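# Structural description and commentary
Listed here are the chains, written in short residue letters.
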Amino acid sequence: MKCWNKGMRLQLFVFRFLSFLILFVSGCDDRNAVAPEKDYFPLRSGLYWEYDVEEIIYTPFNPPASLSYQLRIIVADSVGSSEGGYIYVWHCFRRTSDAAAWQFSETWSARKYAGYALVAEGNTTYARLAFPVYVNRTWDGNLFNSLGADNYRIAAKSAGMVSPLGLSFNEVVEVEQENVSNNLTYRDVRKEWYSNGIGLVRKESEVWTYRCSGGTCTGEIESGYALRINLKDYGRE
């Protein structure tokens with residue numbers, strides 16, 4: 001009996017020691033674990049986004065023209081890039097209302113390259129986001145095209161936001177593309193919001209010049225545009 005008791009005590013000691021060791025190592029792993037990278041610009045075949053779009057176009061000799069429509073973007077395909085990674089083909093569709101049929105509009109493309117999220121609209125490629133994402137990070141949104149430099153900035157990161165359509169989105173970053181709001185001759189305010197795991201959820205632009213004569217500007221808009229885009233649906237086909 002005594003030998004059996006000693007053996008049991010030894011087994012019990014070994015069991016407790018091993019249990020403690022496992023818990024200790026697990027705790028160390030938890031403390032050193034790296035949080036998964038957030039994806040504010042997801043790219044996978046079959047993803048789609050549907051937006052409500054409102055535009056106002058200002059021209060010098062005509063009343064402002066208001067446009068209201070819906071935009072659908074779907075990742076239709078992906079092709080390997082010679083520079084590595086994949087280029088994702090976006091098909092864009094438009095319709096005037098929920099009851100109308102989608103009409104093909106144009107083809108864009110998107111990819112992640114050299115630490116940027118790139119969107120090619122026609123023949124012009126814009127760097128919409130820069131990675132990793134952190135507040136006050138700046139980059140040239142026109143780095144991959146021949147246009148003049150246009151510095152973008154991560155203006156804010158938030159736990160969530162409610163869009164003008166009443167939809168809630170978690171983990172949102174605000175990209176300030178330009179913020180000239182107090183100039184007497186023109187206004188250029190452009191912002192985009194991206195949600196983790198979803199992508200672009202909101203976009204607002206106010207870009208116009210004021211009517212000026214003899215060195216005096218009236219504050220009346222002469223030419224330009226206002227744009228509001230809000231995500232209304234998204235998913236994967």
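Please refer to the structure higher up on the page.
Residues numbered from 1 in each chain as written. Predicted model: local features only at pLDDT ≥ 70, side-chain atom pairs only at ≥ 80, totals over all residues. Heavy atoms only, no water.

### Quick word on unusual backbone geometry
Note that the residue after phenylalanine 131, namely proline 132, is joined by a cis bond; omega there is -5°. Structurally, proline 132 can be placed in the loop between strand S6 (124-130) and strand S7 (138-140). In this model, alanine 114 sits at a positive phi of 55°, which is unusual for a non-glycine residue. Even without a glycine there, the phi angle at glutamate 171 is positive, about 50°. Tracing the sequence through the fold places glutamate 171 in strand S9 (residues 168-180). (Helix = DSSP H or I, 4+ residues; strand = E, 2+ residues; numbered from the N terminus.)

### With respect to the layout of surface pockets
Of the voids in this model, the largest pocket is the one considered here, and its volume is about 740 Å³. As for the largest pocket, its lining consists of 35 residues, of which Trp108, Glu121, Arg128, Lys203 and Ile229 are closest to the centre. Each residue belonging to the lining of the largest pocket can be placed in one class, and the counts come to 21 nonpolar, five polar and nine charged. (1 Å grid on protein atoms, 1.4 Å probe; cavity = no way out; pocket = protein on both sides within 12 Å on 5 of 7 lines; lining within 4 Å. Points joined across faces, edges and corners; volume = space filled by probe spheres on them. Nonpolar A, V, L, I, M, F, W, Y, C, P; charged D, E, K, R; others polar.)

### Side note on the packing of aromatic side chains
How two aromatic rings sit relative to each other is set out by the distance from centre to centre and by the angle between their planes. Scanning the model with the defined rule gives nine aromatic pairs in all. Ring centres of tryptophan 49 and tryptophan 90 lie 5.7 Å apart, and the angle between their planes is 55°; this geometry places the pair in the tilted category. In this pair, tryptophan 49 sits in strand S1 (residues 47-59) while tryptophan 90 sits in strand S3 (residues 86-95), placing the two residues 41 residues apart along the sequence. We note that tryptophan 49, like tryptophan 90, is buried. Geometrically, the ring pair formed by phenylalanine 93 and phenylalanine 104 is edge-to-face, given 5.6 Å between the ring centres and 75° between the ring planes. Taken together, the residues span a long stretch of sequence, with phenylalanine 93 in strand S3 and phenylalanine 104 in strand S4 (residues 103-113) at a distance of eleven residues. (Phe/Tyr/Trp six-rings, centres within 6.5 Å; stacked < 30°, edge-to-face > 60°. Buried < 20%, exposed > 50% of the residue type's maximum accessible area, 1.4 Å probe, protein only.)

### Observations concerning the side chain of glutamate 174
Along the chain, glutamate 174 falls in strand S9. Apart from the residues lying within four places of it in its own chain, the contact partners of glutamate 174 are Arg153, Ile154, Ala155, Ala156, Lys191, Glu192 and Trp193. (Contact = heavy atoms within 4.5 Å.)

### Section: the state of the cysteines
On inspection of all chains with the given rule, the structure shows one disulfide. Covalently, cysteine 212 is tied to cysteine 217 through a disulfide, its sulfur atoms 1.9 Å apart. Judged by the sign of its S-S torsion, about 100°, the bond between cysteine 212 and cysteine 217 is right-handed. Cysteine 212 gets classed as partly exposed once you look at its relative accessible area, which sits at 36%. (Disulfide = S-S within 2.5 Å.)

### Description of the pattern of salt bridges
Inspection of every chain in the model, using the stated rule, returns 19 salt bridges. Between glutamate 171 and lysine 38 there is a salt bridge, with its nearest N and O atoms 2.4 Å apart. One end of the pair, glutamate 171, is in strand S9; the other, lysine 38, is in the loop between helix H1 (2-32) and S1, and 133 residues separate them in sequence. In this structure, the salt-bridge partner of arginine 190 is aspartate 188, at a minimum N-O distance of 2.8 Å. Comparing arginine 190 with aspartate 188, the two get one shared label, buried. Each of the salt bridges in this network shares a partner with another, and the network as a whole consists of Asp52, Arg95, Asp98 and Lys232. (Salt bridge = Lys/Arg side-chain N within 4 Å of Asp/Glu carboxyl O.)

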